[in-house]
Amino acid sequence: MSLPGASAMTSPGSLAAPGAAPDRGVDPVLEIRGLCVDYGFGDDAAHAVADCDLTLGRGRVLGLAGESGSGKSTLAMAAIRLLRSPGVITGGEVLFHPRPASDGEPATTLDLLAAGEQELRAIRWSEIAIVLQSALNALNPVSTIGAQFDELLATHRPGLGRASRRDRAGDLLELVGMTPDRLRSYPHEMSGGMRQRAMIAMALALDPQVMILDEPTTALDVVTQREILEELMGLRDRLGFAALFITHDLSLLVEFADDIAVMYAGRLMERAPAASLFRSPRLPYTYGLLHCFPPMHGERHRMDGIPGSPPDLRDLPPGCAFHPRCQWAIPRCRQDVPKLEPLTGSHREVACWLHRDNATAPPELMRPDPAVAQPRTAAVSDTSAERAV
Amino acid sequence: MRALLRRLGVYLLAAWVAITVSFLLPRAVPGNPVAGAIARAQSSGICNSFCVKAIEEQLGFNVHTSLWVQYVQYLGNLVHGNLGFSWSENAQVTSLIVSYLPWTLGLLGVATIMSFVVGTLIGVVMAWRRGSWLDWLMPAATFFQAIPYFFLALVLVLIFGETGSLLKWFPSLYGFDIYGVDPGMNLPYIASILGHAVLPALTVILASMGGFILSMRNQMVTTMDEDFVLVARAKGLRTGKVVWYAARNALLPCVSNFSVAISIVVAGQILVEIVFNYPGIGYHLYGALGALDYTLVQGIFVVITLVVLAANLLADVVYVLIDPRARQEA
């Protein structure tokens, strides 16, 4: 499974080469190219996001996974220019492709990182909405849900009258399983689950094409978490928005995402269709993440997790940032930074020297990919993979 | 509404404690006002037992009855608005205070409201434009916050006051031109009041604004990092709206801080009035202390306490009005 000719020198642009990118044939709605984000300035700066490429297909769900501090949220927030200080975007572009106009005329692509305040404000929420982890903090505590809907609709839909704005807000609440009389409630008068539903209803208010879900269920209990997720995915099937779903819980993504991208220390390390990534991880880090969750049934076995802790972003180890924690590291991992590049013969990308050139990947990282027709059936049975199915 | 009634109960309790303390304090200090009054009376003639009795009656300081009886008598008088008789001013304390109070309340009210409003606005702008030249206002605000009121008053008199030695722009003595105008509803009198209020008000504003600026600025900086402000930006709301989201929420703790600040401002204004011979409560408190006029001192204490409590109550009412979470808290 080596890729002839691929090396660390390959430019990110080569990813768009025909037959390579997993999104080939998918109509992109949001394209992140070479995005770099630093926290702080100069030598002390932490490179929270380094040279990330990520494409979100129209109507697709892209999962973004990684440990805390791996740069998932920073990547997403930087892409929509909502980075908190002292975060600084130091490079890259983020292309947003609006939906084609009704007469078939292709809409003009907008680079969000170069866009002016006016252009940005126009597409915010109407095209790209966000749902954050804690809806208690995301809703303005001093005004009612209704008032928050109202000001949103009044800003983006100036043609609507007060009464129709209220009706629309009521409809939206019903869409997420709430009653319209909740419009009179303040955020503190509702439960965590209800607040998150209200937030989702608000995110849907302008029929956006992209939803950024930044750990939308992490603050909720598992039952509510599942309800909300199923609600969200049901809405996605009906409304057809694309979602960038950020979470540290890979098992959630397997169920709800089309594709999964794994981040480590500010870099995208692996990207594959959800089932492929879950059944047959190619990256040692992904393998480690998948083995952090105990199976619900099946025989008991040791949970190994990933030894060590995430690296200091201001002082990354040379070569692959994961090599000090990697059980299969080879000498090259200590020297060169691997690039996210396609694996031959599959719709997936990985940044790992074990899959490059003449290196031999261990059998754990070479399980047959369910998405690729295999000549022989899977020999390795994976109990941890079965529980989520 | 219930929250407000509960608050009101707390304030009534606080008022009762304050009144009790102002009853006990003059009786706890060494010496007593009756002895002082007897000594004064004897300097102009013999003070016999009738004279002593009369003085005790007048001062409400009957040393021959128990403290409890005196206390009940004192409370009874208070309910009737009778705060006793001031020997130094030769008038009822109540009517004296009624004549001082407008000066103090006018100056305090206008200066505090201006200081709070302007200071809060500056705080908002400073937080929003963090990293710009406005950051230089921070040390200035800290400086003015740390400077004592009376000292600032003296500096202002020196620079701008007619009794100072430099610019002589504004009058710096009394509440109005006591030689030039006749008190009453006439224009020269009102103009004179306004002119004479400039320096005292400026002192109170400058000295108190620093605290309001810093408190709002810091609160605002914290609030701007909240998720709902991020969401407000993500919603594509106009910048003014986003600032309002943050400011509206940052204002809440500042309003509760106001309750603490107001007592400091009142204490400061007492000194400012003394510097400017401004005819309010603070200036007369100073006079009464000098003259050992216990009844007047006691009366002024009670009134100052009530004023501070009323300002606190006002801040609480405003807080309940602007924070929905406080409205239904038990």
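Attention here is on the structure that accompanies the text. (Residues numbered from 1 in each chain as written. Chains lettered and ligands numbered in written order. Predicted model: local features only at pLDDT ≥ 70, side-chain atom pairs only at ≥ 80, totals over all residues. Heavy atoms only, no water.)

### Describing the overall build of chain B
And then number 1: Each helix and strand in chain B was counted, giving 13 helices and two strands.
And then number 2: Here the C-alpha coordinates of chain B stretch approximately 85 × 55 × 40 Å along the principal axes.
And then number 3: Put simply, chain B has 330 residues, and 46% of those count as buried.
And then number 4: For chain B, the proportion of contacts with a sequence separation of at least 24, taken over those separated by at least 6, is 68%.
And then number 5: Of the roughly 16,700 Å² that chain B leaves accessible, carbon and sulfur atoms contribute 71%.
And then number 6: Measuring between centres, the 17 positive side-chain charges of chain B sit 14 Å from its 15 negative side-chain charges. (Helix = DSSP H or I, 4+ residues; strand = E, 2+ residues; numbered from the N terminus. Buried < 20%, exposed > 50% of the residue type's maximum accessible area, 1.4 Å probe, protein only. Contact = heavy atoms within 4.5 Å. Areas by Shrake-Rupley, 256 points an atom, 1.4 Å probe, with all protein chains shown as cover. Lys, Arg positive; Asp, Glu negative; His and termini not counted. Charge placed at Lys NZ, Arg CZ, Asp CG, Glu CD.)

### Remarks on the interface of chain B and chain A
One frequently used descriptor of interface size is the decrease in accessible area upon assembly of the parts.
And then number 1: The interface of chain B with chain A comprises 25 residues on the first partner and 29 residues on the second.
And then number 2: Summed over both sides, the interface of chain B with chain A buries roughly 2,400 Å², with 55% coming from carbon and sulfur.
And then number 3: Contact with chain A buries surface across chain B, with Leu230(B), Ala234(B) and Lys235(B) losing the most and accounting together for 24% of the total.
And then number 4: Here Glu151(A) makes a salt bridge to Lys241(B), at a shortest N to O gap of 3.8 Å.
And then number 5: Summed over the shared surface of chain B and chain A, the number is seven residue pairs in polar contact (both at pLDDT 80 or more).
And then number 6: Broken down by secondary-structure element, the contributors of at least two residues to the side of chain B that touches chain A are helix H9 (227-234), helix H10 (239-276) and helix H13 (324-327) of chain B.
And then number 7: A class-by-class count of the residues in the side of chain B that touches chain A yields nine nonpolar, four polar and twelve charged. (Buried area = accessible area lost by both parts, 1.4 Å probe. Salt bridge = Lys/Arg side-chain N within 4 Å of Asp/Glu carboxyl O. Polar contact = N/O pair within 3.5 Å; in protein donor to acceptor, adjacent residues only side chain to side chain. Nonpolar A, V, L, I, M, F, W, Y, C, P; charged D, E, K, R; others polar.)

### Brief notes about the side chain of Thr104(B)
Residues and elements named next belong to chain B.
And then number 1: Here Thr104 shows up in helix H5 (residues 93-128).
And then number 2: Using a relative accessible area of 12% as the deciding quantity, one classes Thr104 as buried.
And then number 3: Beyond its immediate chain neighbours, meaning those up to four positions away, Thr104 contacts Gly109, Gln269, Glu273, Gly280, Ile281 and Gly282.

### Notes on the sheet that holds strand S3 (residues 61-65) of chain A
Residues and elements named next belong to chain A.
And then number 1: The eight strands are arranged S6-S7-S8-S3-S9-S10-S12-S11 in an open sheet whose pairing can be described as mixed. With partners counted over all chains shown, the strands left at the sheet margins are strand S6 (128-131) and strand S11 (341-342), one partner each.
And then number 2: When strand S9 (residues 259-264) meets strand S10 (residues 267-273), the two strands line up antiparallel, connected through six bridges. Residue Asp259 lies in a different strand from S10, and its bridge partner there is Pro273.
And then number 3: Where helix H6 (residues 192-204) meets the sheet, its contacts fall on S6 and strand S7 (210-214), and the angle it forms with S6 comes to roughly 175°. (Pairing = 2+ DSSP bridges. Axes fitted to C-alpha atoms, helices over the stretch in contact; angles between N-to-C directions.)

### Digging into unusual backbone geometry
Residue and element names in this part refer to chain A.
And then number 1: That bond from Ser85 to Pro86 is cis: its omega, 5°, falls within 30 degrees of zero.
And then number 2: Structurally, the position occupied by Pro86 is in the loop between helix H1 (72-79) and strand S4 (87-96).
And then number 3: One non-glycine residue, Asp51, lies in positive phi territory at about 50°.
And then number 4: Its location among the elements puts Asp51 in strand S2 (residues 46-57).
And then number 5: The backbone of Asp207 sits at a positive phi, close to 55°, despite the residue not being glycine.
And then number 6: Within the secondary structure layout, Asp207 lies in the loop between H6 and S7.

### Focus on the packing of helix H1 (residues 2-28) of chain B against helix H4 (residues 67-79) of chain B
Each pair of packed helices can be described by the angle between their axes along with the distance between the axes.
Residue and element names in this part refer to chain B.
And then number 1: Orientation of H1 relative to H4, taken along the N-to-C sense of each, is 125°, at an axis distance of 11 Å. Between H1 and H4, the angle falls in the class oblique. The hand of the H1/H4 crossing is right-handed. Residues Trp16, Ile19, Thr20, Ser22, Phe23, Leu24 and Arg27 of H1 pack against Leu67, Gln70, Tyr71, Tyr74, Leu75 and Leu78 of H4.
And then number 2: In terms of residue class, the contact of H1 with H4 is made up of nine nonpolar, three polar and one charged. (Parallel < 35°, antiparallel > 145°, perpendicular 65-115°, else oblique. Left-handed = near helix turned anticlockwise from the far one by under 90°.)

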